[in-house]
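# Structural characterization, general
Letter by letter, the chains look like this.
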Amino acid sequence: MNKQSFYITTPIYYVNGAPHLGHAYTSTAADVLARWNRLEGHDVYFLTGTDEHGQKVEAAARLAGIPPQDFTDRVSADFQDMARVMNISNDDFIRTTAPRHKLAAQAIWRKLQENGFIYPGAYEGWYAVRDEAFYDEDETELKPDGSRIAKAGGAAVEWVVEPSYFFKLSAFQDRLLAFYEANPGFIAPQAKRNEVVSFVKSGLRDLSVSRTSFSWGIPVPGDEKHVMYVWLDALVNYLTAVGYPDESAAKFHYWPASLHLVGKEIIRFHAIYWPAFLMAAGLPCPKRVFSHGWWTVEGEKMSKSLGNFIDVRPLVEELGLDQLRYFMLREVPFGNDGDFSRKALVGRINADLANGLGNLAQRTLSFIAKNAGAAVPPKGALHEADLTLLALGAELPEKVRAAINRLAFHEALQEIWRLISAADGYIDAQAPWSLRKTDPVRMNSVLYTLCATLRSIGVVLQPFMPASAAKLLDYLGVGADRSLAILESPLAEATPLPAPSGLFPRIVEEQNADR
Ligand code: ME8
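Residues numbered from 1 in each chain as written. Predicted model: local features only at pLDDT ≥ 70, side-chain atom pairs only at ≥ 80, totals over all residues. Heavy atoms only, no water.

So, on to the pairing of strand S2 (residues 43-51). Counted residue by residue, S2 has eight buried out of nine residues, so it is predominantly covered. Alignment of strand S1 (residues 5-14) against S2, held across eight bridges, turns out to be parallel. Following the sheet pairing, Tyr 13 is matched in S2 by Thr 50. Direction of pairing for S2 relative to strand S3 (residues 92-95): parallel, over a ladder of four bridges. Residue pairing across strands places Thr 48 opposite Phe 93, the latter belonging to S3. (Buried < 20%, exposed > 50% of the residue type's maximum accessible area, 1.4 Å probe, protein only. Helix = DSSP H or I, 4+ residues; strand = E, 2+ residues; numbered from the N terminus. Pairing = 2+ DSSP bridges.)

Written as structure tokens, this is what we have:
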């Protein structure tokens, strides 16, 4: 069988600081897409990892007083731990200090050189170590104390003059514009696409792609005083993981990637440099780059460099993993910026999870356990109200699919919660508790309808809240096959059901707690 393949990536995260909410966010969004595509029966390859070279990492290791490799081993392990805690289902974890990556990065370099796109020169310009980026003079500003900073982000810049190899980015302006034109879906959301297109139209200058002022990087083949520019090194990770330079590797069929998920600050690297490098190397470009927004925390800008970021692990421990995953994807339309606050998180847990889905499941399942023989009740003759609710359940996968394919996670969740509200309205209107004595056959039809509805909800929720959805499906007696396809067959009657327990505890905040 020829399965459709889906190769999705997160950015590889810098190891100069610890993992935080922003990293957890991108990884969770990518995880939902990976899990959804697996549910669809696609052949998924999901990659994340760590970006371990560059001056910033070298400096952070020096500050920690340990060799850079030991430092990156330690921090990379911490990122892997965060992925584990967040239940990220990545198929591979790439590290740019791994031998397989050095091989791939050097192979690309040689390819670019062979194809005539790399030449030696000298670089002069404003360089921000923090951003690992060069800025034009007009992208910087002079502060009253005489120091100069990058306008975007405020990183200190310094004038750098050093021998450097250049990549002929200027030769790709027309090719890139033609590529964007021919592939309107390549950059999303639309506003980002417009930004990138006008940036490219304004003219591209050749890019300095090597440095000699530090050594923590991949040596330039044939001129080992130079290390490769960290962004060239980093972007190649997406190829390394599928076996490059061995284009006959088993995993190479995943290339080109279906989707690179990135934060908005690195869209330029992914939507301009990366396709240019690939074109220069004669390789196909990724199908899509999606740029999402940034979280602030309690109204403040969060950044590793500024040091006010939050580690998600204690939050998961205290409030629950699926609760946090749900919040991140429900609270803010993907692509927009958002603010993370404890109050908003607790509010959503209580309103949507404890009172919403949790309560609906508990009301239904504990009633069945007590009054309907602890098994899926017989369907009987269905009424109009039952058929209406079942029809909404049957439409749910398609609605969720449409939203997920647009990366509108919040809309996918809204669709699911619309069905939860409809089911709440239904249970109140049908009042199975009052049918118990008067019309047990009708009571069973109502309970059956609710179980079938909860099954639809449980199946489509799996990518978002894997553990909670699994628990819900267990309580509904659903077997090992939990794919979207099972929703096409009616729920089997008489399946014995285990004793249910609450899915989402209510969070009670202490009165007057000042957080
Ligand atoms: O840029 N809100 O690594 P990085 C939302 N190594 N997402 C955030 C965020 C926030 N406040 N802060 C970070 C790098 N992120 C490079 C990437 S790829 C070839 C190389 C997320 O550790 C977001 O996805 O600075 C952002 O793009 C990424 O973390 C940056 O991680």
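With that settled, consider the nonpolar core. Counting residues in hydrophobic clusters, the biggest one holds 97 residues, and the most contacted among them are Met 86, Ile 416, Trp 417, Leu 461 and Phe 464. In terms of residues, this core owes the most to one element, helix H16 (residues 440-461), which gives 12 residues. With sequence-adjacent residues up to four places away left out, Leu 461 is seen in contact with Leu 357, Leu 413, Ile 416, Trp 417 and Ala 469. By size, the runner-up hydrophobic cluster in this structure holds 66 residues, among which are Tyr 180, Leu 204, Ile 272 and Leu 278. (Core = buried A, V, L, I, M, F, W, Y, C linked by side-chain atoms within 4.5 Å. Contact = heavy atoms within 4.5 Å.)

This next bit is on the packing of aromatic side chains. Counted by the stated rule, this structure contains 33 aromatic pairs. For the ring pair Tyr 123 and Phe 134, a centre distance of 3.8 Å and an interplane angle of 45° mean the geometry is tilted. A residue pair is termed long-range when its members are at least 10 positions apart, and Tyr 123 in strand S4 (residues 118-128) and Phe 134 in strand S5 (residues 133-135) qualify at 11 residues. Just as Tyr 123 is buried, Phe 134 falls in that class too. Seen in terms of ring centroids, Phe 327 and Phe 340 are 5.5 Å apart; in terms of plane orientation they differ by 90°. Their pairing is edge-to-face. Of the two residues, Phe 327 sits in helix H11 (residues 321-331) while Phe 340 sits in strand S18 (residues 338-340), which places them 13 residues apart along the sequence. Phe 340 carries the same exposure label as Phe 327, and that label is buried. Through a chain of ring-to-ring contacts, three or more aromatic side chains come together here, namely Tyr 25, Phe 290, Trp 295, Phe 327, Phe 334, Phe 340, Phe 409 and Phe 464. If you follow Arg 211 out to its NZ or CZ, it ends over the ring of Tyr 127, 4.2 Å from the centre. (Phe/Tyr/Trp six-rings, centres within 6.5 Å; stacked < 30°, edge-to-face > 60°. Lys NZ or Arg CZ within 6 Å of the ring centre and 35° of its normal.)

Okay, the site of the ligand next. If you check the shell around the ligand, you find 24 residues, and the closest are Ile 12, Tyr 14, Thr 26, Asp 51 and Glu 265. Within the side chain of His 23, an N or O atom sits 3.3 Å from an oxygen atom of the ligand. A distance of 2.6 Å separates an oxygen atom of the ligand from a polar atom in the side chain of Thr 26. When the ligand sits alone it has 670 Å² of accessible area, and the protein chains cover 95% of it. Those elements giving two or more residues to the shell around the ligand turn out to be S1, helix H1 (21-39), helix H7 (230-235) and helix H8 (237-240). Per element, the largest residue contribution to the shell around the ligand is four residues, and it comes from S1. Counted by class, the shell around the ligand contains 12 nonpolar, nine polar and three charged residues. (Near = heavy atom within 4 Å. Polar contact = N/O pair within 3.5 Å; in protein donor to acceptor, adjacent residues only side chain to side chain. Areas by Shrake-Rupley, 256 points an atom, 1.4 Å probe, with all protein chains shown as cover. Nonpolar A, V, L, I, M, F, W, Y, C, P; charged D, E, K, R; others polar.)

On inspection of all chains with the given rule, the structure shows three cavities of 30 Å³ or more. Its volume calculated, the largest cavity comes out at about 40 Å³. Along its surface, the largest cavity is lined by Tyr 13, Ser 27, Thr 48, Phe 79, Met 82, Ala 83, Ile 88 and Phe 93. Take the lining of the largest cavity: its biggest share by element is three residues, from helix H3 (residues 68-85). Across the lining of the largest cavity, the residue classes break down as six nonpolar, two polar and no charged. (1 Å grid on protein atoms, 1.4 Å probe; cavity = no way out; pocket = protein on both sides within 12 Å on 5 of 7 lines; lining within 4 Å. Points joined across faces, edges and corners; volume = space filled by probe spheres on them.)

Side chains that differ in sign of charge can pair as their charged atoms come close. Enumeration according to the criterion identifies 32 salt bridges in this entry. Between Arg 406 and Glu 411 there is a salt bridge whose closest N-O contact spans 2.8 Å. The partly exposed category is assigned to Arg 406, whose relative accessible area is 46%. Sharing partners across several salt bridges, the network here consists of Asp 78, Asp 81, Arg 84, Asp 311 and Arg 313. (Salt bridge = Lys/Arg side-chain N within 4 Å of Asp/Glu carboxyl O.)

The next point concerns the sheet that holds strand S16 (residues 295-297). As summarised here, the arrangement of the three strands in space is S17-S16-S18, forming an open sheet in which the pairing is mixed. Since the sheet does not close on itself, it has two edges, and those belong to strand S17 (300-301) and S18, each with one partner. Bridging between S16 and S17 involves two bridges; their strand directions are antiparallel. Counterpart to Thr 296 in the pairing with S17 is Lys 301.

Further remarks concern the sheet that holds strand S12 (residues 219-220). Sheet strands associate in pairs through backbone hydrogen bonding, adopting either a parallel or an antiparallel arrangement. The sheet built from three strands is open, its strands ordered S11-S13-S12 with antiparallel pairing. A single partner strand is all that each edge strand has here, and the edge strands are strand S11 (210-211) and S12. As paired strands, S11 and strand S13 (residues 223-228) are joined by two bridges and run antiparallel to one another. Residue pairing in the sheet places Ser 210 in a bridge with Met 228 of S13.

Residues in a regular strand point their side chains to alternate faces of the sheet. In terms of strand pairing, S12 meets S13 through two bridges, oriented antiparallel. Of the residues in S13, the one forming a bridge with Val 220 is Asp 223. Linking S12 back to S13 in an antiparallel pair, the connection comprises two residues, with Gly 222 at a positive phi of about 85°.

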